[in-house]
Amino acid sequence: ERERVRVKTRLAMWALLLRRGARWMSSGGGGGLLSTPELVESSSNAVAAAMKTAAAAAEQQQQARRVTVHARRVRGSPQRLNDVARSIRAVQVHEAAAQMHLSLRHAAKDVLALLRSGIATAEREHALDTNRLVVEEAYVGKGRYLKRVMPHSKGRMGRMEKTYSHLTLVLREVPEEAITRGRRWNKRAPSSDA
């Protein structure tokens, strides 16, 4: 956080100096201040590039504290899977795993397997603290479905659909003071690391 503030402060000071015309040419030829139109154009381009770089660095740092895991072609309808996924949104991962372990829903097994995979990935590949992980997002998408035949009476046939879904979990590391046991985590609330 401090480093990001320092970078923004340096960029603001540099932009101010450029706008006032206090930038000297670094090369020996010409040796003086740049002309005004040239100065304004170069300063605006430099400030825009610097701001893009700072924004990209901040976004990359934010992404480094997140882990996204996917489960494709999970057997079951998206509505039933979404009912289960809705119950673990904004909940600490260990509490969510306990909920899925005790759940009687059939889809809870798939959600639990994906949640355990995400916890292991966060710990092994991203070196995140699993005690501070929260399920930031849990959403379900519709997958393909197989059309099968169901026999009915009098020689008739009916169509049966075997549905599949795609499940995505996003786990995020949050500050220790933001975690409250037994309550949902509010990602819109101001935190100390933002």
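Residues numbered from 1 in each chain as written. Predicted model: local features only at pLDDT ≥ 70, side-chain atom pairs only at ≥ 80, totals over all residues. Heavy atoms only, no water.

Undergrad: Any chance you could break down the overall build of the protein for me, citing the residues and the numbers?
TA: Broken down by element type, the protein carries five helices and three strands. Starting at the N terminus and ending at the C terminus, the protein contains elements arranged as α-α-β-α-α-α-β-β. Here the protein, with 194 residues, has 31% of them falling under the buried criterion. Long-range contacts, defined here as pairs at least 24 residues apart, represent 68% of the contacts in the protein between residues at least 6 apart. When the accessible surface of the protein is split by element, carbon and sulfur atoms take 53% of a total near 13,100 Å². (Helix = DSSP H or I, 4+ residues; strand = E, 2+ residues; numbered from the N terminus. Buried < 20%, exposed > 50% of the residue type's maximum accessible area, 1.4 Å probe, protein only. Contact = heavy atoms within 4.5 Å. Areas by Shrake-Rupley, 256 points an atom, 1.4 Å probe, with all protein chains shown as cover.)

Undergrad: How would you summarise the side chain of glutamate 136 if you had to cite specific residues and measurements?
TA: Tracing the sequence through the fold places glutamate 136 in strand S2 (residues 133-151). A distance of 2.8 Å separates the side chain of glutamate 136 from the side chain of arginine 66, its partner in a polar contact. (Polar contact = N/O pair within 3.5 Å; in protein donor to acceptor, adjacent residues only side chain to side chain.)

Undergrad: Would you mind going over the packing of helix H4 (residues 93-102) against helix H5 (residues 108-124) in detail, with residue names and values included?
TA: The interhelical angle for the contact between H4 and H5, taken along N-to-C directions, is 155 degrees, at an axis separation of 9 Å. If you check the angle between H4 and H5, you find them roughly antiparallel. In the packing of H4 onto H5, the handedness of the crossing is left-handed. The segment H4 lies against H5, with Val93, Ala96, Ala97, Met100 and His101 engaging Ala108, Val111, Leu112, Leu115, Arg116 and Ile119. Within the contact of H4 with H5, the residues separate by chemical class into nine nonpolar, one polar and one charged. (Axes fitted to C-alpha atoms, helices over the stretch in contact; angles between N-to-C directions. Parallel < 35°, antiparallel > 145°, perpendicular 65-115°, else oblique. Left-handed = near helix turned anticlockwise from the far one by under 90°. Nonpolar A, V, L, I, M, F, W, Y, C, P; charged D, E, K, R; others polar.)

Undergrad: Tell me about the packing of aromatic side chains, and please be specific about residues and values.
TA: As enumerated under the stated definition, the model contains zero aromatic pairs in all. Lying over the aromatic face of tyrosine 164, arginine 75 brings its terminal NZ or CZ to 5.5 Å of the ring centre. (Phe/Tyr/Trp six-rings, centres within 6.5 Å; stacked < 30°, edge-to-face > 60°. Lys NZ or Arg CZ within 6 Å of the ring centre and 35° of its normal.)

Undergrad: Go over H4 with me, naming the residues and quoting the values.
TA: When H4 is considered as a whole, its buried residues turn out to be Val93, Ala96, Ala97 and Met100. For H4, the angular spread of buried residues about the axis comes to 100 degrees, placing them on one side. (Arc of directions from axis to C-beta.)

Undergrad: Requested: an account of the nonpolar core, with residues and values cited.
TA: Here is a general trend for soluble globular proteins: nonpolar side chains tend to be buried in one another's company. Counting 28 residues, the largest nonpolar core has Ile88, Leu115, Val135 and Leu169 as the members making the most contacts within it. Elements with a minimum of two residues in this core: strand S1 (66-75), helix H3 (78-86), H4, H5, S2 and strand S3 (157-173). Considering every element that reaches this core, the biggest residue donor is H5, with seven residues. (Core = buried A, V, L, I, M, F, W, Y, C linked by side-chain atoms within 4.5 Å.)

Undergrad: So what's going on with the pairing of S3? Which residues, and what values?
TA: Bridge count between S1 and S3: eight bridges; the pairing is antiparallel. Looking across to S3, one finds that threonine 68 is bridged to valine 170. Here 16 bridges tie S2 to S3, and the two strands are oriented antiparallel to one another. Its bridge partner being in S3, leucine 146 is matched across the sheet by lysine 162. Counted along the chain from S2 to the antiparallel partner S3, the turn is five residues long, and its residue lysine 154 has a positive phi close to 60 degrees. (Pairing = 2+ DSSP bridges.)

Undergrad: Tell me about H5, residues and numbers included.
TA: In this model, H5 (17 residues) spans 24 Å end to end at C-alpha, consistent with the 24 Å of a helix rising 1.5 Å per residue. Looking only at H5, the buried set comprises Ala108, Val111, Leu112, Leu114, Leu115, Gly118, Ile119, Thr121 and Ala122. Buried residues along H5 sit against S1, H3, H4, S2 and S3. (Expected span 1.5 Å × (residues − 1).)

Undergrad: How would you summarise the confidence of the model for the protein if you had to cite specific residues and measurements?
TA: Of the residues in the protein, 69% reach a pLDDT of 70 or more, and the chain-wide mean stands at 80. Under a pLDDT of 50 for its full length, residues 22-37 has, in the predicted model, 14 contacts with residues more than four places off or in other chains. (pLDDT = per-residue confidence, 0-100.)

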